[in-house]
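Examination of the molecular architecture
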Amino acid sequence: MRLVGFLLAAGLAAQQPSPQPLPTASGDIEQGGKLYRGSCGYCHGPQGDGGKGADLAKPTLERATTDEQLVNIIQNGIPGTEMPGAWHMIDNEIRQVAAFVRTLGK
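Below is a summary of the structure that appears in this document. Please read these numbers as outputs of a predicted model, since none were measured by experiment. (Residues numbered from 1 in each chain as written. Predicted model: local features only at pLDDT ≥ 70, side-chain atom pairs only at ≥ 80, totals over all residues. Heavy atoms only, no water.)

**Some words on the overall build of the protein chain**
Heads up, the rule is: Helix and strand definitions follow DSSP, with helices as H or I runs of at least four residues and strands as E runs of at least two, each counted in order from the N terminus. Between buried and exposed lies partly exposed: a residue is buried under 20% and exposed over 50% of the maximum accessible area for its type, with that area taken using a 1.4 Å probe on protein chains only. Any two residues whose heavy atoms approach within 4.5 Å at even a single point are treated as in contact. In these tables, accessible area is a Shrake-Rupley quantity obtained with a 1.4 Å probe, and a residue counts as shielded only by the protein chains included in the view.
The helix and strand tally for the protein chain stands at five helices and zero strands. Along the protein chain, helices and strands appear, N-terminal first, in the series α-α-α-α-α. Sorting the 106 residues of the protein chain into buried and exposed places 33% on the buried side. Put simply, of all contacts in the protein chain between residues at least 6 apart along the chain, 56% involve residues at least 24 apart. Within the structure as shown, the protein chain displays about 7200 Å² of accessible surface, and the carbon and sulfur contribution to it stands at 57%.

In structure tokens form, the structure reads like this:
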């Protein structure tokens, strides 16, 4: 019985896609900045220093300590808050914005 559970768990783990790293090319980060300023800057400030939205100009973000958490927040928003999901962006654009946001805290 333990073997069956182990095999099932191993099979489920194998199906989980490994996290994609955020883009690092300067063109991707520049594009992420443009998308950020157009969609996020109003609340989070043009330099990410907050205002209506959270301060993103920090080395570590409380709700997004990993890149995948940050991507998830940008994509889906935060329920119960004013943070909407980026329904209008494709996956690559969301990852570009996340990469740009990470530069704000450096």
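From this point, the discussion proceeds with the structure in view.
**Focus on the side chain of Gln96**
Within the fold, Gln96 resides in helix α5 (residues 91-104). The residues touching Gln96, leaving out its near neighbours within four places in the chain, are Pro23, Asp28, Gln31, Gly32 and Leu35.

**Quick notes on the packing of helix α2 (residues 26-39) against α5**
What describes two packed helices is the angle between their axes and the distance between those same axes. The following threshold applies: Inter-axis angles, ranging from 0 to 180 degrees, are taken between N-to-C directions of lines fitted to C-alpha atoms, where helices are fitted over the stretch in contact. Angles are sorted into four bins: roughly parallel if under 35 degrees, roughly antiparallel if over 145, roughly perpendicular if 65 to 115, and oblique for all others. Think of it as three bins: nonpolar holds Ala, Val, Leu, Ile, Met, Phe, Trp, Tyr, Cys and Pro, charged holds Asp, Glu, Lys and Arg, and polar takes everything else, Gly as well.
Relative orientation of the contacting elements α2 and α5 amounts to 90°, with a least axis distance of 7 Å. Between α2 and α5, the interaxial angle falls into the category roughly perpendicular. In this structure, α2 contributes Asp28, Ile29, Gln31, Gly32, Gly33, Leu35, Tyr36 and Arg37 to the contact, and α5 contributes Glu93, Gln96, Val97, Ala99, Phe100, Val101, Thr103 and Leu104. In terms of residue class, the contact of α2 with α5 is made up of eight nonpolar, five polar and three charged.

**Considering α2**
Put simply, the rule is: By this rule, a helix spans an expected 1.5 Å times one less than how many residues it contains.
In this model, α2 (14 residues) spans 20 Å end to end at C-alpha, consistent with the 20 Å of a helix rising 1.5 Å per residue. Within the sequence span of α2, burial applies to Gly32, Gly33, Leu35 and Tyr36. The elements touched by buried residues of α2 are α3 (41-44) and α5.

**A short note on the nonpolar core**
The criterion, for reference: Residues belong to one nonpolar core when they are buried, are Ala, Val, Leu, Ile, Met, Phe, Trp, Tyr or Cys, and are joined through side-chain atoms within 4.5 Å.
Tyr36, Leu70, Ile74, Val97 and Val101 are the most contacted members of the largest nonpolar core, which has 21 residues in total. If one sorts the elements of this core by residue count, α5 sits on top with seven residues. Apart from the residues lying within four places of it in its own chain, the contact partners of Val97 are Gly32, Leu35, Tyr36, Cys40, Ile74 and Met89.

**A few points about the packing of helix α4 (residues 67-76) against α5**
Quick note on the threshold: Each crossing gets its hand from how the near helix is turned against the far one by less than a right angle, where anticlockwise is left-handed and clockwise is right-handed.
Contact geometry of α4 with α5 gives a least axis separation of 9 Å together with a crossing angle of 120°. With respect to α5, the axis of α4 lies oblique. Taken as a pair, α4 and α5 cross one another with a handedness that is right-handed. Contacts between α4 and α5 pair Asp67, Glu68, Leu70, Val71, Ile74 and Gln75 from the former with Ile94, Arg95, Val97, Ala98, Val101 and Arg102 from the latter.

**Quick notes on the side chain of Arg102**
By the secondary structure assignment, Arg102 is in helix α5. According to the relative accessible area criterion, Arg102 is buried, its value standing at 17%.

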